[in-house]
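Coordinates in review
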Amino acid sequence: MPNGSNTKQNPLATELCGLKLDNPVIPASGTFGYGQEFAKLYDINILGSISFKGTTLHERYGNPLPRIAETPSGMLNAVGLQNPGVDHVIAHELPEFKKIYHKPLVANISGFSIDEYTETAEKLDAEDQVGILEINISCPNVHNGGMSFGTSPEAAAEVTAAVKKVTHKPVFMKLTPNVTDITEIAKACEDAGADGISMINTLLGMRIDKKKRTPLLANQTGGLSGPAVFPVAVRMVWQTARAVKIPIIGMGGISSADDVIEMMMAGASAVEVGAANLVNPYACKEIIEDLPRAMKELNIDRLADIIGAAL
Amino acid sequence: MDRQLLTIEANTPVTADTWHMKLTGDCAAISAPGQFINIRLDGFFLRRPISIYDHEDGWVSILYKALGQGTRAMSEMTPGQTLDVLLPLGNGFDVSLCTPHTLLAAGGIGMPPMYGIAKELCSRGITPQVALGFNTEEDILPLQPFRDLGIEPVIATADGSFGVKGFVTDAMETLDYDYVCTCGPEAMLKAVYEHMPDGQLSFEERMGCGFGACMGCSCRTKYGTKRICTDGPILMKDEVIW
Ligand SMILES: Cc1cc2nc3c(=O)[nH]c(=O)nc-3n(C[C@H](O)[C@H](O)[C@H](O)COP(=O)(O)OP(=O)(O)OC[C@H]3O[C@@H](n4cnc5c(N)ncnc54)[C@H](O)[C@@H]3O)c2cc1C
Ligand SMILES: Cc1cc2nc3c(=O)[nH]c(=O)nc-3n(C[C@H](O)[C@H](O)[C@H](O)COP(=O)(O)O)c2cc1C
Ligand code: FES
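Let us look at the structure shown here. (Residues numbered from 1 in each chain as written. Chains lettered and ligands numbered in written order. Predicted model: local features only at pLDDT ≥ 70, side-chain atom pairs only at ≥ 80, totals over all residues. Heavy atoms only, no water.)

A closer look at the overall build of chain B
Selection criterion: Numbered from the N terminus, helices here are DSSP runs of H or I no shorter than four residues, and strands are runs of E no shorter than two. Put simply, the radius of gyration uses C-alpha atoms, and a globule should come to 2.2 Å times the residue count raised to 0.38. Throughout, exposure labels follow a simple rule: accessible area from a 1.4 Å probe, protein chains only, divided by the maximum for the residue type, with under 20% read as buried, over 50% as exposed, and the rest as partly exposed. Note on definitions: a residue-residue contact is assigned when non-hydrogen atoms from the two residues lie within 4.5 Å.
Looking only at helices and strands, one finds five helices and 16 strands in chain B. Taking 2.2 N^0.38 as the reference for a compact globule, 242 residues should give roughly 18 Å; the C-alpha atoms of chain B span a radius of gyration of 17 Å, in line with that estimate. If you line up chain B on its principal axes, its C-alpha atoms span 45 × 40 × 35 Å. Residue burial in chain B is summarised as follows: out of 242 residues, 55% are buried. When contacts within chain B are restricted to residue pairs at least 6 apart in sequence, long-range pairs at least 24 apart make up 61% of them.

In structure tokens:
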């Protein structure tokens, strides 16, 4: 079912807060740009949705180089939310996106104060192309902001409530795994009105340049993602799915159709695929095309039936 | 850019630490010298970016230095093995901007793109001058391909064991040129930059994807932020910010 239409017959269909997806596969924020590079390789309309690069109120250059390091079965990144700012995204990136992608998008938003989150969210909420707002309170690569909102239940709740006030679209709070108990943060977001949870962002890590005897990344630390983090992500999604009632977009290390099924059994209603796109630009396409095979092997008729099956 | 499965036809050492690899397969999309390929290696998560050395219909070749684990694994590969490669990547040198008195200057493993430019310029009736810098005589990369084009590269070695003693910039002092294309380590690029009236420079950066999706390789230029992998690796002299 390559161009799966959203009928009752589509075995890959899933749903996020009333938003129907042809399949659960969504490229993760920061690993798919604004779709242009991938649209040259395949019809990206096969994707369930797309989470575009983290957008902030003002333009950001991001961190100094090097920003990337390799790890066993994964990578560290310290891009630092490089983006042209929300006004530019609305004026240029979204119209370009419209030419290549015709389904609702996930708008990923970051900020350094509550006001920055709400102003950016309000602007993107007004865009028809945006189906879901994904509020990143978990970026480990920026200082004085980002992750610090995601490491305390009170601050996470505050951002959630403030964003909910200015938007009409479903709000998914994107959580960091760099906390003692992620379920506490998720519950605080749910209580403050969040419509869903996106998880996990990257795990804080470091590599040393052994010749120079200094941290390899200019930012010193970076976020770990890729297959190395998959079991951590599955565990956290599973714990969170037992703690909250709102839907979860699960991510962290997904690189195959079998990983998608495992993440959904752990409680995810949809998934995001991140680092895998960078090393295999066809990753999402191949995963979607392989899902029917993986489902058949596990006697799954409809993907939606297995959400939380392992809880 | 697309993904291709290429077959190793040859993989042979040319110095103590540098190998020449020839890969066959669909390479028709390569459009300019200085473009690179990004190679997936079993057991390594990220791909390895390597410049295109030479190519014709149906094959591409590279020269690579076995420095770390990935390139060392490459050096142990044998003909017949296949490699998953993204190609072509990057903008490449704009050869149409080269003058009749163009100099190609490289340090160490920055040499491969210089051969591609030389070949292209010669086909356009321009014979460029070539200056190459190496640490020592044993490190000198194959010069015959340049000689086959009718070019005798001027060589500098840091220890003076061959040619001019010093860096590539010392070799450049003996030459007369008004345009430079260069590739090599950043310190060398900076030194060459000081000696070039005008020209183009090829930069190296650690990459997440190599095709413009991750912002892992962004650098500041006078004309805004650019991604080394897609808007580069070649930058014009007038846009470089050090
Ligand atoms: C555009 C471009 C063209 C290049 N062309 C050539 C070439 O023609 N011949 C050649 O020998 N080398 C070239 N390099 C450098 C080559 O990519 C690295 O030497 C190689 O990636 C090292 O891999 P490794 O596994 O041996 O080293 P490791 O240090 O084990 O690699 C670890 C990680 O760091 C990255 N990395 C390490 N050194 C570099 C570097 N200098 N530049 C970019 N990434 C690095 C690797 O890709 C890998 O992701 C080029 C680099 C770029 C960006
Ligand atoms: C290069 C890179 C850039 C990223 N940028 C963002 C971002 O802008 N906003 C965000 O919420 N997450 C960002 N992430 C995190 C991913 O969206 C995802 O949560 C994480 O990488 C885990 O998934 P993965 O293991 O499949 O990559 C980025 C990840 C990578 C690798
Ligand atoms: S390496 Fe990913 S954008 Fe350049």
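Structural notes on the interface of chain A and chain B
What counts is decided by this rule: What counts as buried area is the accessible surface, traced by a 1.4 Å probe, that two parts surrender upon association, with contributions from both included. Only one rule defines a salt bridge in this text: a Lys or Arg side-chain nitrogen within 4 Å of an Asp or Glu carboxyl oxygen.
Taken together, the 31 residues of chain A in the interface contact 27 residues of chain B. Of the roughly 2500 Å² buried between chain A and chain B, counting both surfaces, carbon and sulfur atoms make up 60%. The largest contributions to the chain A side of the interface with chain B come from Tyr 61, Glu 70 and Val 279 of chain A, which together make up 27% of the buried area. The interface formed by chain A and chain B includes three salt bridges. A salt bridge links Glu 70 of chain A to Arg 48 of chain B, with the nearest nitrogen and oxygen atoms 2.7 Å apart.

Quick word on the sheet that holds strand β14 (residues 222-225) of chain A
All names here are of chain A. Just so we agree on the cut-off: Two strands qualify as a pair provided that DSSP identifies no fewer than 2 bridges between them. Axis definition: a line fit to C-alpha positions, over the contact stretch in the case of helices; interaxial angles, taken between N-to-C directions, run 0 to 180 degrees.
Within the open sheet, the four strands sit side by side as β5-β6-β14-β11. Their pairing is antiparallel. Two strands lie at the open edges of the sheet, namely β5 (68-71) and β11 (203-205), each paired on one side alone. Strand-to-strand twist of the sheet, defined as the mean angle between neighbouring strand axes without regard to direction, takes the value 35°. Relative to β14, β11 runs antiparallel, the two being bridged by three bridges. Residue Gly 205 lies in a different strand from β14, and its bridge partner there is Gly 222.

Remarks on the sheet that holds strand β6 (residues 59-65) of chain B
All names here are of chain B. The strand order across the open sheet built from seven strands is β4-β3-β7-β1-β2-β6-β5, with neighbouring strands paired in antiparallel fashion. With one partner strand each, in any of the chains shown, β4 (48-51) and β5 (54-56) form the two edges of the open sheet. Geometrically, the sheet is characterised by an average inter-axis angle of 35° between neighbouring strands, direction not taken into account. In this structure, strand β3 (residues 36-40) lies alongside β4, joined through four bridges in antiparallel fashion. Following the sheet pairing, Ile 37 is matched in β4 by Ile 50. Its contacts with the sheet put helix α2 (residues 112-123) on β4, β5 and β6, and the angle it makes with β5 is roughly 45°.

Focus on the pairing of β14 of chain A
Pairing geometry for strand β6 (residues 74-77) of chain A and β14 of chain A, over three bridges, is antiparallel. Among the inter-strand pairings, Leu 76 of chain A is bridged to a residue of β14 of chain A, identified as Leu 224 of chain A.

Topic: the site of ligand 1
Residue and element names in this part refer to chain B. What counts, and what does not: Throughout this document, a residue counts as near a molecule or strand when at least one of its heavy atoms sits within 4 Å of that molecule or strand. Polar contacts, as used here, are pairs of N or O atoms within 3.5 Å; protein pairs need one atom able to donate a hydrogen and one able to accept it. Residues neighboring in sequence count only if both atoms are side-chain atoms. Where accessible areas are quoted, they stem from the Shrake-Rupley method and a 1.4 Å probe; at the residue level, only the protein chains shown are allowed to cover. All residues other than Ala, Val, Leu, Ile, Met, Phe, Trp, Tyr, Cys, Pro, Asp, Glu, Lys and Arg, Gly among them, are scored as polar; the first ten of these are nonpolar and the last four charged. Segment limits for the domains were obtained from an automatic or database-derived domain assignment.
Taken together, 22 residues form the shell around ligand 1, and within it Arg 48, Pro 49, Gly 70, Thr 71 and Arg 206 come nearest. At a separation of 3.0 Å, a nitrogen atom of ligand 1 approaches a polar backbone atom of Ser 51. Take Gly 68: an N or O atom from its main chain is 3.0 Å from an oxygen atom of ligand 1. Protein chains bury 85% of the 820 Å² of accessible surface belonging to ligand 1 in isolation. Mapped onto the shell around ligand 1, the elements with two or more residues apiece are β4, β6 and α1 (69-75). Broken down by element, the shell around ligand 1 gets its largest block of residues, four residues, from β4. When grouped by side-chain class, the residues that make up the shell around ligand 1 number ten nonpolar, five polar and seven charged. Mapped onto the domain boundaries, the shell around ligand 1 takes at least three residues apiece from domain 1 (2-89) and domain 2 (95-204).

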